[in-house]
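Survey of secondary and tertiary structure
Now for the letters of each chain:
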Amino acid sequence: MQQSVSRENFDQWMVPSYAPATFVPVRAEGSTLWDQDNKNYIDFAGGIAVNALGHAHPELQQALQQQAARLWHTGNGYTNEPILRLAKQLIDATFAERVFFCNSGAEANEAALKLARKYAHDHYGPHKSGIVAFNNAFHGRTLFTVSAGGQPAYSKDFAPLPGAIEHAVFNDLDSAARLINDETCAVIVEPIQGEGGVVPAEPAFLRGLRALCDQHNALLIFDEVQTGVGRTGSLYAYMHYGVTPDVLSTAKALGGGFPIGAMLTTEKLASSMGVGTHGTTYGGNPLAGAVAGKVIELINRPDVMDGVGLRHRWFIDGLNAINQRLHLFKEIRGLGLLIGCVLNEDYSGKAKQFNLAAAEQGLMVLIAGANVVRFAPALVISEQEVKEGLVRFERACEAVVKGASV
Ligand SMILES: *Cc1c(COP(=O)(O)O)cnc(C)c1O
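Residues numbered from 1 in each chain as written. Predicted model: local features only at pLDDT ≥ 70, side-chain atom pairs only at ≥ 80, totals over all residues. Heavy atoms only, no water.

On the secondary structure map, Asn9 appears in helix 1 (residues 7-13). Only 2.8 Å separates the side chain of Asn9 from the backbone nitrogen of Ser6, close enough to count as a polar contact. (Helix = DSSP H or I, 4+ residues; strand = E, 2+ residues; numbered from the N terminus. Polar contact = N/O pair within 3.5 Å; in protein donor to acceptor, adjacent residues only side chain to side chain.)

See the structure below:
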């Protein structure tokens, strides 16, 4: 007999660092989930930009089950076939010549930042250790990555923090130029700030960072944990912008729901990470490799990338229509299927209310800070699910409008 469990048990048994929704999803298919009471929800959240192929995708199930019957884990004293194939896929599809695998986005950024320090120390000396990051950035929750992140709320209580990290203003090249110098080993930036409110970088800003990094022998790190694996309609957002980083971190959608992260880089930079310099027990696990290999195979296709653009239009048109009627958003922004609705003054600080009202109507949406309602659905979400989800979102918006006016 399995123990019967409910949402209340979360508050009894779990470290209270999350505040999950009042319902507990138990199964899912495509972009629809069902909870313990069999109520259905359309998924516009995508497990926070993770379930890029939706839920229970038959080919991902098959890839996982086939690998589960063969080999789960060996540790890094042995390599394995699925992870080697995945490395080759990523190398063929991107600027990368070398790949390091890990289990999450934070770990991918941790590897990227450690590589930047190590490379600079090896080639220029220990004085070249400065890292330039951006206000409102999000890079993960390890101590190094919360320190690089630009949200002091996530780091201040864990001091003392790793040093030599400074923050410039996102999309303000002059503010970055004032911090980048010959002692800078790396600049880390999200091509679209995701958690920070779905704020796309301006192309000239990323081009300017590239030039400043070249001028000062600093590495340009793109954190593509949220923007990667097709989210913007290109396999990686750097391709959309036409600015190539030295190091790229990827995770979230890479495993389609199976935990995996990766750091992509060049042969020259990778050579600083010699035997024993860095590692992780699970990184490059055959199960993760098999699933992610299938994810990349299914997503990196012109029809899927074009489909992201098509779905972007469905969302933008639907959201504009809702906004014309209800006057909620001062801006709808983002690329591909990473979309943010910025609440206007009347609703400022109330993003969470939209998220709660949506759940009530049978819809999962994300927020990005207190002022932005965020959508990061599956890249292959059906037209029917988008339509039905937008109908539910409109009802949720109406409920918030009513609630706000009483
Ligand atoms: C989610 C996210 C991370 C952290 O990834 P985890 O897998 O939660 O460690 C890092 N950077 C960006 C841009 C993210 O969106």
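This part takes up the sheet that holds strand 1 (residues 25-29). Overall, mixed pairing links the four strands, which are arranged 1-2-3-15 in an open sheet. Edge positions in the sheet fall to strand 1 and strand 15 (363-364), since each has one partner strand and no second. (Pairing = 2+ DSSP bridges.)

As a further point, take the site of the ligand. The ligand sits among Ser104, Gly105, Ala106, Asn109, Phe138, His139, Gly140, Glu190, Asp223, Val225, Gln226 and Lys252. A distance of 3.2 Å separates a nitrogen atom of the ligand from a polar backbone atom of Phe138. Lys252 is positioned such that a nitrogen or oxygen atom in its side chain is 2.6 Å from an oxygen atom of the ligand. The class makeup of the residues in the shell around the ligand is three nonpolar, six polar and three charged. (Near = heavy atom within 4 Å. Nonpolar A, V, L, I, M, F, W, Y, C, P; charged D, E, K, R; others polar.)

We now examine the domain arrangement of the protein. Domain parsing of the protein yields domain 1 (7-56 + 302-405) and domain 2 (71-299). Taking only C-alpha atoms, the centre of domain 1 and the centre of domain 2 are 27 Å apart. Domain 1 puts 24 residues into the contact, and the matching count from domain 2 is 25 residues. Summed over both partners, the interface of domain 1 with domain 2 buries about 2,000 Å², with 66% contributed by carbon and sulfur atoms. It is Met305, Leu335 and Leu338 in domain 1 that bury the most area against domain 2; as a group they hold 30% of the surface buried on that side. On the surface where domain 1 and domain 2 come into contact, there are one salt bridge. Between Arg374 and Glu195 there is a salt bridge; the shortest N-O distance is 2.9 Å. Of all the secondary-structure elements, those providing two or more residues to the side of domain 1 that touches domain 2 are helix 2 (46-49), helix 12 (302-326), strand 13 (329-335), strand 14 (338-343) and strand 17 (372-375). (Domains from an automatic or database assignment. Contact = heavy atoms within 4.5 Å. Buried area = accessible area lost by both parts, 1.4 Å probe. Salt bridge = Lys/Arg side-chain N within 4 Å of Asp/Glu carboxyl O.)

Our focus in this paragraph is empty space enclosed by the protein. Tallied over the full model, the rule gives one cavity of 30 Å³ or more. Of the voids in this model, the largest cavity is the one considered here, and its volume is about 30 Å³. Around the largest cavity, the lining residues are Ala137, Phe138, His139, Gly140, Thr145, Val146, Gly149, Gly150, Gln151 and Tyr154. (1 Å grid on protein atoms, 1.4 Å probe; cavity = no way out; pocket = protein on both sides within 12 Å on 5 of 7 lines; lining within 4 Å. Points joined across faces, edges and corners; volume = space filled by probe spheres on them.)

The subject of this paragraph is the sheet that holds strand 14. In spatial order, the strands read 13-14-17-16; together these four strands make up an open sheet with antiparallel pairing. The sheet terminates laterally at strand 13 and strand 16 (366-367), the two strands that pair on one side only. Pairing between strand 14 and strand 17: four bridges, direction antiparallel. Bridged to Cys341 within strand 17 is Val373.

UniProt records the feature "binding site: N(2)-acetyl-L-ornithine" (unreviewed entry) at Arg141 and Thr280, using the numbering of this structure. Relative to the helices and strands, Arg141 resides in the loop between strand 5 (130-134) and helix 6 (143-148). Note on Arg141: relative accessible area 55%, which makes it exposed. Among all residues touching Arg141, those that are not within four sequence positions of it are Ala106, Val146 and Tyr154. Within the secondary structure, Thr280 is located in the loop between helix 10 (267-270) and helix 11 (286-299). Residue Thr280 is classed as buried on the basis of its relative accessible area, which comes to 18%. Residues within four places of Thr280 in sequence aside, it is in contact with Asn76, Phe100, Phe101, Cys102, Asn103 and Glu107. (UniProt positions renumbered as here; feature names shortened; annotations may be inferred. Buried < 20%, exposed > 50% of the residue type's maximum accessible area, 1.4 Å probe, protein only.)

Counted at 1.5 Å a residue, the expected span for helix 4 (residues 81-93) with its 13 residues is 18 Å, and the 18 Å between its end C-alpha atoms agrees. For helix 4, every residue scored as buried is listed here: Pro82, Ile83, Leu86, Ala87 and Leu90. Around the axis of helix 4, the buried residues are gathered within 140 degrees of arc, so they sit on the same side. Away from its buried face by more than 90 degrees, helix 4 exposes Arg85 and Asp92. Close packing links the buried residues of helix 4 with helix 3 (58-68), strand 4 (98-102), strand 12 (261-265) and helix 11. Sitting at the amino-terminal end of helix 4 is Asn80, which places a side-chain oxygen 3.0 Å from the backbone nitrogen of Ile83. (Expected span 1.5 Å × (residues − 1). Arc of directions from axis to C-beta.)

With that out of the way, let us pick up the packing of helix 3 against helix 11. As a packed pair, helix 3 and helix 11 sit with axes 9 Å apart at the nearest point and diverge in direction by 155 degrees. If you check the angle between helix 3 and helix 11, you find them roughly antiparallel. Judged by the sense of rotation from one axis to the other, the crossing of helix 3 with helix 11 is right-handed. Contacts between helix 3 and helix 11 involve Glu59, Leu60, Ala63, Leu64, Gln67 and Ala68 from the first element and Pro286, Leu287, Ala290, Val291, Lys294, Val295 and Leu298 from the second. (Axes fitted to C-alpha atoms, helices over the stretch in contact; angles between N-to-C directions. Parallel < 35°, antiparallel > 145°, perpendicular 65-115°, else oblique. Left-handed = near helix turned anticlockwise from the far one by under 90°.)

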